[in-house]
Each structure stands twice: as structure tokens, then as C-alpha cells.
Amino acid sequence: MLIRVMLAAGLLMCGIVWADAVTLVTGGHPAATIVVQKNADALVRAAAEDVRHYIRIIGGVELPLQDNGEQVSGTGIYVGQCDACGQSDLPAKETNPETYAIRVRNGNLFLVGRHAPATAFAVMSFIEDDLGVRWFAPGDLWEYVPQGTPGALTVEVKNRVVVPYWSPRVWSGHEWTKDWKTWLVHNKAICVPPVPFRNMQNFLHTVFAPEKYADSHPEYYPLIDGKRWIPPKDERAWRPCESNADVIRLTVEAAREY
């Protein structure tokens, strides 16, 4: 008896998340309907199309999709704050705006956040963690989709509320092609309002402002065609001489002081 109590306590301490089975495809026919919240943001609509796309690949059947947010009979995959979504399905108001919830209730699946990017993150998390899809790099070559049984698809879905380990989650400077933009959304690495933006790069021009070091340490500045280039005041698009050990030291000191 004591062992059983200890095991139960251990499971609770480990935060075990119980899973519920949701049937999406059966007998070669749709067993669920995807519902998108009314007047959904383009990011949310695209996410709903994504989940439809991957279910079709894995289960061999395309699910119906409606974008009026209304409750459906039978199983619904509710993307965003649809009519069937209650306040208890949403993450708490005080959580980070990137927080999302994945819940199974009364046989229905809810993929929700309080804002568009968080809702999209809920969808991507379901596709990745519950359907088993992977996006290792931009482009179809680097995508992995598990092989399912044609005409059948039941998924064990873990009920969870996910708070990001850090925020914002953004891979800056790579949104130049459609493949890159899609890959960033799939990997939840975008910074879309109301996710707070934080300046995280291109700050070294203030650490090595020319009025600080140009006269005394010109070696801190870029070497171009054999000559040290001293940037004009307020110029941002440049980098110091990062092979200089003092530049590295001063950068670390500036970061610590900040």
C-alpha cells in the first residue's frame, strides 16, 4: 500500500499529462470538422489550413473546414476562440501573450490562444507533437511527415497549456523567402503583436560609438582596404573589429552592465 501511495505521489510531482484519444478519420471518411474562429487573422486561417493539409497526408482524407466559428455536430477541431470555446479552455489572462492551450473536451479538440500568434502556435504544436510532423529546415526536402494508415487516423492528444521558455521567440533576419517565412511559423519563431518586441541585436554601434574610441583606439573599428574605417556619428550599419580581444572584452562588459 505504501509503495502505491509513493508511486502516485511521484506521478503527480512529475507533472504527468494524461492524453485523450481523438478520432479524425475513420473508414476512409472524415470523422471531424475543422472550425476556425469568425473573422480570423490570416495567421490563424493559414494554421487551420496547415492542420488540414497534414491530416490529409497522414490519414488520406481531407477534413471539412468552416470559418464561421460556429459549433458543429460531432467532433470539432476548434482553431481559435470559436463559439464552442469557453473561457476555461483559454490560457489564463495573466500569462505571457505567446502562451497557448491544447485541450480535449467532450470529444472535441481546442487549439487556442488569447491572440493570433498564440493560436497559430497551438496548431503548430499539435501538428508537431501530436501528429509527429517535423520541419528541420526550410523547404519540402527537410520536412518529415509520418506514414499513417490510409483512411484512418486517431490521435492521442496531451492536454496542456504551454508557456514559452523565453519570449519573444524570433529568428531574426531570415524572412526573405516564402519557405523561410513558412518554416519560422511552423517552428513558432515569429514576433507578431501583441508579442512584445525586444531589441536584441545591432546594438554594438552604441558600445563602440566613435566619440568614445575613434581617437584612442582606432583598431576597434573595421579594417577596409588596409585602413581603419571610422563610422560617422549615428551610423548603425556596421560592426566593430570582432577579432580584436579588447572588442570582445568590452562587449561582454557592456552586456553585463546592461
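Residues numbered from 1 in each chain as written. Predicted model: local features only at pLDDT ≥ 70, side-chain atom pairs only at ≥ 80, totals over all residues. Heavy atoms only, no water.

### Comments concerning the packing of aromatic side chains
And then number 1: Applying the stated criterion across every chain, the model contains 8 aromatic pairs.
And then number 2: Relative to Y213, the ring of F208 lies with its centre 5.9 Å away and its plane at 45°, an arrangement referred to as tilted. Y213 carries the same exposure label as F208, and that label is buried.
And then number 3: Between F208 and Y220 the ring centres are 6.0 Å apart and the planes differ by 80°, which places this aromatic pair in the edge-to-face class. Linking F208 in the loop between α5 (204-207) and α6 (210-213) with Y220 in the loop between α6 and β12 (223-224), this pair joins segments that are 12 residues apart in sequence. Of the two residues, F208 and Y220, neither departs from the other in class, the shared state being buried.
And then number 4: Ring pairing ties together the aromatic residues F208, Y213 and Y220, which thus form one cluster. (Phe/Tyr/Trp six-rings, centres within 6.5 Å; stacked < 30°, edge-to-face > 60°. Buried < 20%, exposed > 50% of the residue type's maximum accessible area, 1.4 Å probe, protein only. Helix = DSSP H or I, 4+ residues; strand = E, 2+ residues; numbered from the N terminus.)

### As for the layout of surface pockets
And then number 1: Volume-wise, the second largest pocket comes out at about 260 Å³.
And then number 2: Y54, D140, E143, T182 and H186 are the residues nearest the centre of the second largest pocket, which is lined by 14 residues in total.
And then number 3: At the level of elements, α2 (42-59) and α4 (178-186) are the ones that each hand at least two residues to the lining of the second largest pocket.
And then number 4: Residue contributions to the lining of the second largest pocket peak at 5 residues, all from α4. (1 Å grid on protein atoms, 1.4 Å probe; cavity = no way out; pocket = protein on both sides within 12 Å on 5 of 7 lines; lining within 4 Å. Points joined across faces, edges and corners; volume = space filled by probe spheres on them.)

### Some details on the sheet that holds strand β5 (residues 75-79)
And then number 1: Within the open sheet, the 6 strands sit side by side as β4-β3-β5-β7-β6-β11. Their pairing is mixed. Looking at strand neighbours, the two that pair on one side only are β4 (65-66) and β11 (160-162), the edges of this open sheet.
And then number 2: Across 5 bridges, strand β3 (residues 32-36) lies against β5 in parallel orientation. Of the residues in β5, the one forming a bridge with I34 is I77.
And then number 3: Running over the sheet, α2 touches β3, β4 and β5 and is turned about 165° from β3. (Pairing = 2+ DSSP bridges. Contact = heavy atoms within 4.5 Å. Axes fitted to C-alpha atoms, helices over the stretch in contact; angles between N-to-C directions.)

### Looking at the pattern of salt bridges
And then number 1: Tallying each qualifying case throughout the model produces 10 salt bridges.
And then number 2: The residue R45 makes a salt bridge to D67 at a minimum N-O spacing of 3.3 Å. One end of the pair, R45, is in helix α2; the other, D67, is in the loop between β4 and β5, with 22 residues separating them in the sequence.
And then number 3: For R45, a relative accessible area of 39% translates into the label partly exposed.
And then number 4: Residue D67 is classed as partly exposed on the basis of its relative accessible area, which comes to 38%.
And then number 5: Between K188 and E128 there is a salt bridge, with its nearest N and O atoms 3.5 Å apart. (Salt bridge = Lys/Arg side-chain N within 4 Å of Asp/Glu carboxyl O.)

### Things to note about the sheet that holds strand β1 (residues 19-26)
One key point about sheets: their strands pair by backbone hydrogen bonds, in either a parallel or an antiparallel sense.
And then number 1: Across the sheet, 3 strands lie side by side as β2-β1-β10; this open sheet has antiparallel pairing. The open sheet is flanked by β2 (29-30) and β10 (153-158), the only strands paired with a single partner.
And then number 2: Here β1 runs beside β10; their pairing, made up of 6 bridges, is antiparallel. By the bridge assignment for β10, V22 is matched with V155.
And then number 3: Contacting β1 and β10, helix α3 (residues 116-130) crosses the sheet at an angle of about 110° to β10.

### Considerations on the packing of α2 against α3
And then number 1: Direction vectors running N to C along α2 and α3 enclose 10°, while the axes themselves pass 8 Å from each other. Judged on the interaxial angle alone, α3 and α2 are roughly parallel. Where α2 approaches α3, its residues L43, V44, A47, D50, V51 and Y54 are matched on the opposing element by A116, P117, T119, A120, V123, M124, F126 and I127.
And then number 2: Looking at side-chain class alone, the contact of α2 with α3 contains 12 nonpolar, 1 polar and 1 charged residues. (Parallel < 35°, antiparallel > 145°, perpendicular 65-115°, else oblique. Nonpolar A, V, L, I, M, F, W, Y, C, P; charged D, E, K, R; others polar.)

### Description of the side chain of T119
And then number 1: Within the fold, T119 resides in helix α3.
And then number 2: T119 has contacts with V44, V79, G80, L111, V112 and G113, leaving out every residue within four places of it along the chain.

### Focus on the nonpolar core
And then number 1: Counting 43 residues, the largest nonpolar core has L24, I55, I77, L111, F126, I127 and L131 as its most contacted members.
And then number 2: Those residues in contact with L131 that sit more than four places away from it in its chain are Y54, I55, I58, F126, P146, L153 and V155. (Core = buried A, V, L, I, M, F, W, Y, C linked by side-chain atoms within 4.5 Å.)

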